[in-house]
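# Structural description and commentary
If you want the building blocks of each chain, they are given just below.
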Amino acid sequence: MNRLTQNIDDLLVPRLEAVRRGLDSPARTTRNAVVIGRLLGADLVVVLLTGMWSHVVQEPPTWLTLPTRPAGLYQWTQGAHVLLGTMMLPLVLAKLWVVYPRLFEWPPVTSLPSAVERLSVALLVSTGLLQPVIGLVNTFQWYPWPFPFRQTHYALAWVMAGAVLLHVAVKLPLVVGHWRAGGGSR
């Protein structure tokens, strides 16, 4: 088995290095990943809160009395939800562009924290791309999928929130080191 892994390493490592060198850019820094991550985090918080508000308004618990004023509150929160949810897609793509070469590191998993990080990244990328796309398609009231939109969108929001918390917990030392403009460049 050891010989097989050595052959895989001999085959993949030079190719992955070539891909990383080809994708290298001065803009692909940890600092930029943190800055875009902050924008995504703020966006996600507002989208999650406005989405939860929308869910409560559409299916209020029997014990909860909802405010009737201001009259346009739901329109404002729904507008913010749709606008910021749509903005999430280019932010996710920008974040992916910045960290893309790191996806080619070999070996892909080196420890339990690295496995948790890879899992959180997989969940973040999949939900970060799926949520705004199905939300945008929902604005056209077109449902080409076999699942109920509202329930699925709601459940995926919680998966995404959990993945963000997990990702931030794993990346916290890097985030703290690059939070301010004085942080390192890579």
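Refer to the structure presented above.
Cut-offs and rules
- Residues numbered from 1 in each chain as written.
- Predicted model: local features only at pLDDT ≥ 70, side-chain atom pairs only at ≥ 80, totals over all residues.
- Heavy atoms only, no water.
- Helix = DSSP H or I, 4+ residues; strand = E, 2+ residues; numbered from the N terminus.
- Buried < 20%, exposed > 50% of the residue type's maximum accessible area, 1.4 Å probe, protein only.
- Contact = heavy atoms within 4.5 Å.
- Lys, Arg positive; Asp, Glu negative; His and termini not counted.
- Charge placed at Lys NZ, Arg CZ, Asp CG, Glu CD.
- Patch = residues over 30% accessible without salt bridge, like charges linked within 9 Å, V, L, I, M, F, W, Y side chains within 5 Å.
- Areas by Shrake-Rupley, 256 points an atom, 1.4 Å probe, with all protein chains shown as cover.
- Salt bridge = Lys/Arg side-chain N within 4 Å of Asp/Glu carboxyl O.
- Core = buried A, V, L, I, M, F, W, Y, C linked by side-chain atoms within 4.5 Å.

When you go through the chain residue by residue, the secondary structure sums to five helices and zero strands. Starting at the N terminus and ending at the C terminus, the chain contains elements arranged as α-α-α-α-α. Its C-alpha atoms give the chain principal-axis dimensions of roughly 65 × 45 × 30 Å. Going through the 186 residues of the chain one by one, you find that 27% of them count as buried. Of all intrachain contacts in the chain linking residues separated by at least 6 positions in sequence, the fraction that spans at least 24 positions is 77%. In the chain, the 15 positive side-chain charges and the 8 negative ones have mean positions that sit 7 Å from each other.

On the surface, Leu119, Leu123, Val159 and Leu166 cluster together into a nonpolar patch covering about 280 Å² of accessible area. Those elements giving two or more residues to the nonpolar patch turn out to be α4 (112-139) and α5 (149-177). Mapping Leu123 onto the fold places it in helix α4.

Moving on to the nonpolar core. One finds Leu40, Met88, Val92 and Val98 to be the most contacted residues of the largest nonpolar core, which totals 13 residues. Of all the secondary structure elements, the ones that give two or more residues to this core are α2 (30-58) and α3 (73-99). Contact partners of Leu40, with chain neighbours within four places excluded, come to Met88, Leu91, Val92 and Lys95. Judged by nonpolar contacts, the second largest core, of five residues, contains Ile134, Val137, Trp145 and Leu156.

In this structure, His167 sits in helix α5. Residue contacts for His167: discarding those within four places in its chain leaves Ser120, Val121 and Leu124.

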